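What follows is each chain in one-letter form.
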Amino acid sequence: DGIRDLVRSRGLGDVYKRQQMESASENKEYDSARTLAMEARRTAERAIQEATSARTAAGNRAETVVASAVDALREARTALADARDVRGIRFDFRAAGNDLDAAADGIGAAQASLQNEQFSEAETTAENARSTISDVVRRLSNAVRAASGK
């Protein structure tokens, strides 16, 4: 879910600190070893906090994208229903309805991913659904405009 990417790698620094701590312990420099161990613990606690924050942010982003897709779908369905009353409109309502149904399925999948805490998948799936909805709305707007003679 990209969480590991958001948390800084501590790789070689951790190895060096661990070697220092082991050396201090082997040389019976217990105060130094304890200090290094406490530093390692603080570093680990910061990493946990950063990962938790990154996970929360990813969840919030995914929730926002899914919610906006739900709103866009509702608005698109309303616009599609209203467009049926436009005199002289030339538009494939069935195809648009099928596209919106596919977007609704995508939103359902995004919501399931969100529930399973697969935030990246939820966000991507909801964005794809939103893109499909936007395409339908664009086509519908063009058809209404053409029918209105504007």
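Residues numbered from 1 in each chain as written. Predicted model: local features only at pLDDT ≥ 70, side-chain atom pairs only at ≥ 80, totals over all residues. Heavy atoms only, no water.

**Here we look at the overall build of the chain**
What the chain contains, in helices and strands, is five helices and zero strands. A buried classification covers 28% of the 150 residues belonging to the chain. Long-range pairs, those at least 24 residues apart, make up 78% of the contacts in the chain between residues at least 6 apart in sequence. (Helix = DSSP H or I, 4+ residues; strand = E, 2+ residues; numbered from the N terminus. Buried < 20%, exposed > 50% of the residue type's maximum accessible area, 1.4 Å probe, protein only. Contact = heavy atoms within 4.5 Å.)

**Side note on the packing of helix α4 (residues 93–115) against helix α5 (residues 119–148)**
For any two helices packed against each other, the geometry comes down to the angle between their axes and how far apart the axes lie. The interhelical angle for the contact between α4 and α5, taken along N-to-C directions, is 165 degrees, at an axis separation of 8 Å. Relative to α5, the element α4 is oriented roughly antiparallel. Two packed elements cross with a definite hand, and for α4 against α5 that hand is left-handed. Contacts between α4 and α5 pair Phe-93, Ala-95, Ala-96, Asp-99, Leu-100, Ala-103, Gly-106, Ile-107, Ala-109, Ala-110, Ser-113 and Leu-114 from the former with Phe-119, Glu-121, Ala-122, Thr-125, Ala-126, Ala-129, Thr-132, Ile-133, Val-136, Arg-139 and Leu-140 from the latter. Its residues assigned to classes, the contact of α4 with α5 shows 16 nonpolar, four polar and three charged. (Axes fitted to C-alpha atoms, helices over the stretch in contact; angles between N-to-C directions. Parallel < 35°, antiparallel > 145°, perpendicular 65-115°, else oblique. Left-handed = near helix turned anticlockwise from the far one by under 90°. Nonpolar A, V, L, I, M, F, W, Y, C, P; charged D, E, K, R; others polar.)

**Some words on unusual backbone geometry**
If you check the backbone angles, Glu-117 has positive phi at about 60 degrees while not being a glycine. Residue placement: Glu-117 occurs in the loop between α4 and α5. Exposure remark for Glu-117: the relative accessible area of 42% places this residue in the partly exposed category.

**Some remarks on α4**
Taking 1.5 Å of rise per residue, the 23 residues of α4 would be expected to cover 33 Å, and the 33 Å separating its terminal C-alpha atoms lies within 8% of that figure. Listing the buried residues of α4 in full gives Phe-93, Ala-96, Gly-97, Leu-100, Ala-103, Gly-106, Ile-107, Ala-110, Ser-113 and Leu-114. Its side-chain oxygen placed 3.3 Å from the backbone nitrogen of Arg-94, Asp-92 serves as the N-cap of α4. Following α4 by one or two positions, Glu-117 has its phi on the positive side, about 60 degrees. (Expected span 1.5 Å × (residues − 1). Polar contact = N/O pair within 3.5 Å; in protein donor to acceptor, adjacent residues only side chain to side chain.)

**Quick word on the confidence of the model for the chain**
Chain-level pLDDT for the chain is 87 on average; 83% of the residues reach the 70-or-more range. Of all the helices and strands in the chain, helix α1 (residues 3–6) carries the lowest mean pLDDT, 44, while α4 carries the highest, 98. (pLDDT = per-residue confidence, 0-100.)

**Looking at the pattern of salt bridges**
Within this structure, the stated rule accounts for eight salt bridges. Among the salt bridges present, the one from Arg-41 reaches Glu-45, with a minimum N-O distance of 3.0 Å. Pair noted here: Arg-41 and Glu-45 are both in helix α3 (residues 30–83), with a separation of four residues, about one helical turn. According to the relative accessible area criterion, Arg-41 is exposed, its value standing at 58%. (Salt bridge = Lys/Arg side-chain N within 4 Å of Asp/Glu carboxyl O.)

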